[in-house]
Amino acid sequence: MTKSYITTPIYYVNAAPHLGHAHTTVMCDIMTRNRKANGVDTRLSTGCDEHGQKNQESAEKLGMDVMEYLDLRSSEFKKAFDLLDVDYDYFVRTTRPFHKEQVAAMEQKFMDAGLIIEKQYTGIYCKGCEQFKTESDLNDEGRCVDHPNMDVEEIDEKNYFFPLEPFRQRLLDHIEANPDFVQPPKFLSELKNMLAEPLEDLCISRPKSRVSLGVTLPFDEDFVTYVWFDALINYLTNLGWPGNDYQDYWSEVEHVIGKDILKTHGVYWPIILMGMGETLPKRISVHGHWLGSGGVKMSKSLGNVVDPLEIVEKFGADALRYYLARHMRAENDSQISVELIQGAYNGELGNKVGNLLSRAAKFSVDRFDGKIPTKGTLTAEDEAARAIALKAAQGFAEVFALTDIPARTEALVQAADELNNYFTAQAPWKLIKDPETADRAQTVLYVTLDSLRVLLEAFRQIIPTSADKALAILAAPVEEGVWSPELDRLEEGGTFGEVVALFPRVT
């Protein structure tokens with residue numbers, strides 16, 4: 001069986017889970033469900049990065065023991081992803097002993113191989129990124145472009161470094177030989193620009209006098225490992241690396257990341273892997289960020305922050321999952337707000353999918369003694385409606401990429417809209433009044449419900465809870481495993497489940 005391994009970044013726990021965490025993780029879950037439905041043995045990894053200066057300071061500010069703080073925060077992330085129906089295989093915590101042991105063992109091998117050097121260094125440091133910066137990384141005000149509200153500081157201290165430049169051409173050659181290494185192409189171009197000039201050595205340590213939360217360097221107990229040199233290794237340690245036949249999945253790994261961490265995943269990580277003698281990731285899929293309504297960056301002071309847990313509480317997990325899948329664009333930043341989510345939930349899921357199911361199912365229950373109608377001879381209009389549903393669902397019967405998710409999701413909703421038009425045009429409530437066309441009414445209802453079933457089976461990859469709830473109404477459960485859309489699988493004469501509102505309107 002073909003294998004696949006999908007990873008989210010592991011998230012800093014210095015603050016509560018936010019929309020960005022929810023977005024990347026849900027996209028990875030959708031990709032995982034899609035691959036499993038297409039017979040691919042897929043594993044999904046997500047979790048928390050528990051080391052580093054920001055996490056340490058957050059614990060200190062709250063006056064908490066560091067491990068108690070990390071336990072608390074990591075449980076919040078786990079709860080959030082559980083609420084969002086994320087079916088992960090690994091939930092990472094970098095404080096896990098096995099992970100720390102393997103990081104230290106890797107560092108010792110690097111030191112023994114002469115890949116780590118010690119030197120005194122003076123540089124500009126951004127605490128928000130926990131990274132040293134070059135002048136090109138700063139804006140016109142001399143601040144980090146990713147943290148423009150924070151002052152950078154100049155630090156002069158002894159540290160350990162991993163030279164990147166000796167590997168730069170090898171990475172460029174790999175990119176040339178593997179044009180799908182980073183997708184979409186916009187971000188591949190950005191990565192090439194990052195590699196256009198010689199690379200500075202990567203500082204891989206932090207003195208314990210400044211940061212104590214991290215993996216102690218095996219060759220100098222006065223230092224801990226730089227958080228990005230430690231955290232990235234989680235992608236391997238999840239699989240039991242360096243043993244446990246990890247290559248079965250590692251050879252098919254795909255990292256899904258936000259655009260702000262392209263450098264760490266597109267430059268640092270591949271070069272670290274080269275130094276380790278490991279296979280490079282098969283693909284790095286990158287997406288943009290979410291902006292508040294009007295295209296303005298989210299800010300608490302502007303009151304336009306979207307809290308994913310508040311959305312789940314008000315609309316349910318599938319409302320957020322649907323909006324993220326339908327309205328994100330991988331190459332560009334996208335807009336989101338509570339009002340936009342509510343509009344998509346009521347107008348797209350509610351009006352086009354939920355209402356059609358409710359109308360057709362309730363009509364059938366009322367007129368045919370709770371039984372699913374019987375299909376008769378099909379007309380051209382029937383066949384056209386069925387074909388539209390089948391074509392839209394077919395997009396989920398093949399493995400798709402991150403960039404495909406919005407269009408594939410939109411196709412399902414458009415197909416549901418066409419089914420609404422078909423149902424209204426055929427008007428089974430009129431057909432049933434005439435004995436000569438009463439059987440035709442049954443056919444229209446069957447075509448509508450069976451075509452909707454096909455769409456709902458595909459929707460399981462996007463909004464699993466709601467889709468399964470809808471399929472239960474149709475008494476059409478789907479077995480886990482390889483799936484393909486097929487017509488005429490709705491059991492004629494079968495008994496409907498309880499017809500309940502699929503997407504109750506929220507005002």
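Everything below is about the structure shown above.
Before going into details, it helps to say that this report is about the structure given with it.

### Quick look at the nonpolar core
Across soluble globular proteins, nonpolar side chains have a tendency to be buried as a group.
And then number 1: Among the nonpolar cores identified, the biggest contains 97 residues, and M27, I336, L455 and F459 are the most heavily contacted of them.
And then number 2: Element by element, the count of residues in this core is highest for helix α17 (residues 438-459), at twelve residues.
And then number 3: Apart from residues no more than four positions distant in its own chain, F459 is found in contact with Y322, V353, L412, V413, P464 and A467.
And then number 4: Listed in part, the 55 residues of the second largest apolar core include M106, I233, Y235 and V267.

### Observations regarding the sheet that holds strand β12 (residues 220-225)
And then number 1: Read across the open sheet, the three strands follow the order β10-β12-β11; overall the sheet is antiparallel. With partners counted over all chains shown, the strands left at the sheet margins are β10 (205-207) and β11 (216-217), one partner each.
And then number 2: Looking at chain direction, β10 and β12 are connected through three bridges and run antiparallel. Its bridge partner being in β12, P207 is matched across the sheet by F223.

### Focus on the pattern of salt bridges
And then number 1: Tallied over the entire structure, the rule returns 28 salt bridges.
And then number 2: Between D29 and R33 there is a salt bridge, with the nearest N and O atoms lying 2.7 Å from each other. On the criterion of helical spacing, the pair formed by D29 and R33 is a turn pair, its members being four residues apart in helix α1 (residues 19-37).
And then number 3: Residue D29 is classed as buried on the basis of its relative accessible area of 0%.
And then number 4: R33 gets classed as partly exposed once you look at its relative accessible area, which sits at 23%.
And then number 5: The partner of K375 in a salt bridge is D488, and the shortest N-O contact between them spans 3.1 Å. Note that K375 is positioned in the loop between α13 (338-367) and α14 (380-394) and D488 in the segment after α18 (464-473), a separation of 113 residues in sequence.
And then number 6: Taking the relative accessible area as the measure of exposure, K375 reaches 24% and is therefore partly exposed.

### Quick look at the environment of I175
And then number 1: Among the secondary structure elements, I175 is positioned in helix α5 (residues 165-177).
And then number 2: Since its relative accessible area comes to 2%, I175 is described here as buried.
And then number 3: As a C-alpha pair, I175 and L188 span 13 residues in sequence and 8.6 Å in three-dimensional space.

### Quick look at the packing of aromatic side chains
And then number 1: Overall, the coordinates contain 19 aromatic pairs when judged by the stated rule.
And then number 2: Ring geometry for F110 versus F229: centroids 6.0 Å apart, planes at 70°, classification edge-to-face. One end of the pair, F110, is in helix α4 (residues 97-112); the other, F229, is in helix α7 (residues 227-231), and 119 residues separate them in sequence.
And then number 3: For F229, a relative accessible area of 0% translates into the label buried.
And then number 4: Aromatic ring contacts, followed pair by pair, group Y5, Y90, Y235, W250 and W269 into a single cluster.
And then number 5: Cation over ring: K119 sits above F161, and NZ or CZ is 4.6 Å from the ring centre.

### Examining the side chain of T225
And then number 1: Within the fold, T225 resides in strand β12.
And then number 2: For T225, a relative accessible area of 3% translates into the label buried.
And then number 3: Among the polar contacts made by the side chain of T225, one reaches the side chain of E107 at a distance of 2.6 Å.
And then number 4: In this structure, T225 is in contact with V103, E107, I204, V215, L217 and D230, ignoring residues within four places of it in sequence.

About the cut-offs
- Residues numbered from 1 in each chain as written.
- Predicted model: local features only at pLDDT ≥ 70, side-chain atom pairs only at ≥ 80, totals over all residues.
- Heavy atoms only, no water.
- Core = buried A, V, L, I, M, F, W, Y, C linked by side-chain atoms within 4.5 Å.
- Buried < 20%, exposed > 50% of the residue type's maximum accessible area, 1.4 Å probe, protein only.
- Helix = DSSP H or I, 4+ residues; strand = E, 2+ residues; numbered from the N terminus.
- Contact = heavy atoms within 4.5 Å.
- Pairing = 2+ DSSP bridges.
- Salt bridge = Lys/Arg side-chain N within 4 Å of Asp/Glu carboxyl O.
- Phe/Tyr/Trp six-rings, centres within 6.5 Å; stacked < 30°, edge-to-face > 60°.
- Lys NZ or Arg CZ within 6 Å of the ring centre and 35° of its normal.
- Polar contact = N/O pair within 3.5 Å; in protein donor to acceptor, adjacent residues only side chain to side chain.

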